[in-house]
Amino acid sequence: MSNVTPFPLQTGQGSGQGSGASVSQTGFDRLELQRIMDLYGRMVAAGHWRDYAIDMGREAAIFSAFRRAAERPEFRIEKRPSLRHRQGMWALIGEAGHVLKRGAELQGILAPVERRLLKIVGD
């Protein structure tokens, strides 16, 4: 039997898909993920973080860093391209869910966490 079935195209053909835009997934590019994982590795080496999670959905890509696996993330780094021209697509969100920093550049968003790392290592 040589019956080949192609994968269905995700072109927004059903109801609730809006204006026919293709279904896509927001993610981190290689340089963004490298920068985030570099910071994560340094925080692990300092003994502060122990686990992480990455969630990639339609509207946002989220990197969550945990002190322990069984609790809420200490920080979430969110990339929301739909906010690129408004508030900036990057956000640093604290454990309680409040936005600590928002901007257009990843480096600026990671700065408060890197300053905290310097305090941890300096102690």
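K.L.:
Before we move on, could you go through helix 1 (residues 30-45) and cite the residues and values that matter?
P.N.:
In an α-helix, one turn spans 3.6 residues; hence positions three or four apart end up facing the same way. Spanning 16 residues, helix 1 covers 22 Å between terminal C-alpha atoms, matching the ideal 22 Å at 1.5 Å per step. Within helix 1, the full set of buried residues consists of Glu32, Ile36, Leu39, Tyr40 and Met43. The buried residues of helix 1 occupy an angular sector of 100 degrees when projected down its axis, which confines them to one face. Structural note: helix 1 exposes Arg30, Leu31, Gln34 and Ala45 on the side pointing more than 90 degrees away from its buried face. Its side-chain oxygen 3.2 Å from the backbone nitrogen of Leu31, Asp29 forms the N-cap of helix 1.

K.L.:
I'd like to hear about the packing of aromatic side chains, residue by residue, with values.
P.N.:
Taken as a whole, this structure holds six aromatic pairs when the rule is applied. Seen from their ring centres, Tyr52 and Phe63 are 5.4 Å apart, and the 15 degrees between their planes marks the pair as stacked. Of this pair, Tyr52 sits in strand 1 (residues 51-56) while Phe63 sits in strand 2 (residues 61-66); the two residues are 11 residues apart in sequence, bridging distant segments of the chain. We classify Phe63 as buried; its relative accessible area is 1%.

K.L.:
Mind laying out a nonpolar patch on the surface, listing which residues take part and the relevant values?
P.N.:
A cluster of nonpolar residues, Tyr52, Ile54 and Met56, forms a patch on the protein surface that exposes about 250 Å² of accessible area. Along the chain, the position of Met56 falls in strand 1. Using a relative accessible area of 39% as the deciding quantity, one classes Met56 as partly exposed.

K.L.:
Talk me through the sheet that holds strand 4 (residues 90-94); I want residue IDs and the actual numbers.
P.N.:
Judged by pairing direction, the sheet is antiparallel, and its five strands sit side by side in the order 1-2-3-4-5 without closing on themselves. Edge positions in the sheet fall to strand 1 and strand 5 (99-103), since each has one partner strand and no second. Neighbouring strand axes in the sheet, compared pairwise and without regard to direction, differ in orientation by 15 degrees on average. The pairing of strand 2 with strand 3 (residues 75-79) spans five bridges and is antiparallel.

K.L.:
Run through the pairing of strand 4, naming residues and quoting values.
P.N.:
Extensive coverage of strand 4 is indicated by the burial of five of its five residues. Alternating residues of strand 4 divide into Trp90, Leu92 and Gly94 and Ala91 and Ile93, and every residue in both groups is buried. Note: strand 4 against strand 5, four bridges, orientation antiparallel. Following the sheet pairing, Ala91 is matched in strand 5 by Arg102. Linking two consecutive strands that pair antiparallel, namely strand 4 and strand 5, is a turn of four residues; a positive phi of about 95 degrees is found at Gly97 within it.

K.L.:
Now, about the confidence of the model for the protein chain: what can you tell me, with residues and values included?
P.N.:
Of all residues in the protein chain, 80% have pLDDT values of 70 or greater, and the mean over the chain is 81. When the elements of the protein chain are averaged for pLDDT, helix 2 (residues 106-122) gives the smallest value, 82, and strand 2 the largest, 93. Scored below 50 in pLDDT, residues 12-20 shows six contacts in the model against residues more than four places distant or in partner chains.

What counts and how
Residues numbered from 1 in each chain as written. Predicted model: local features only at pLDDT ≥ 70, side-chain atom pairs only at ≥ 80, totals over all residues. Heavy atoms only, no water. Helix = DSSP H or I, 4+ residues; strand = E, 2+ residues; numbered from the N terminus. Expected span 1.5 Å × (residues − 1). Buried < 20%, exposed > 50% of the residue type's maximum accessible area, 1.4 Å probe, protein only. Arc of directions from axis to C-beta. Polar contact = N/O pair within 3.5 Å; in protein donor to acceptor, adjacent residues only side chain to side chain. Phe/Tyr/Trp six-rings, centres within 6.5 Å; stacked < 30°, edge-to-face > 60°. Patch = residues over 30% accessible without salt bridge, like charges linked within 9 Å, V, L, I, M, F, W, Y side chains within 5 Å. Areas by Shrake-Rupley, 256 points an atom, 1.4 Å probe, with all protein chains shown as cover. Salt bridge = Lys/Arg side-chain N within 4 Å of Asp/Glu carboxyl O. Pairing = 2+ DSSP bridges. Axes fitted to C-alpha atoms, helices over the stretch in contact; angles between N-to-C directions. pLDDT = per-residue confidence, 0-100. Contact = heavy atoms within 4.5 Å.

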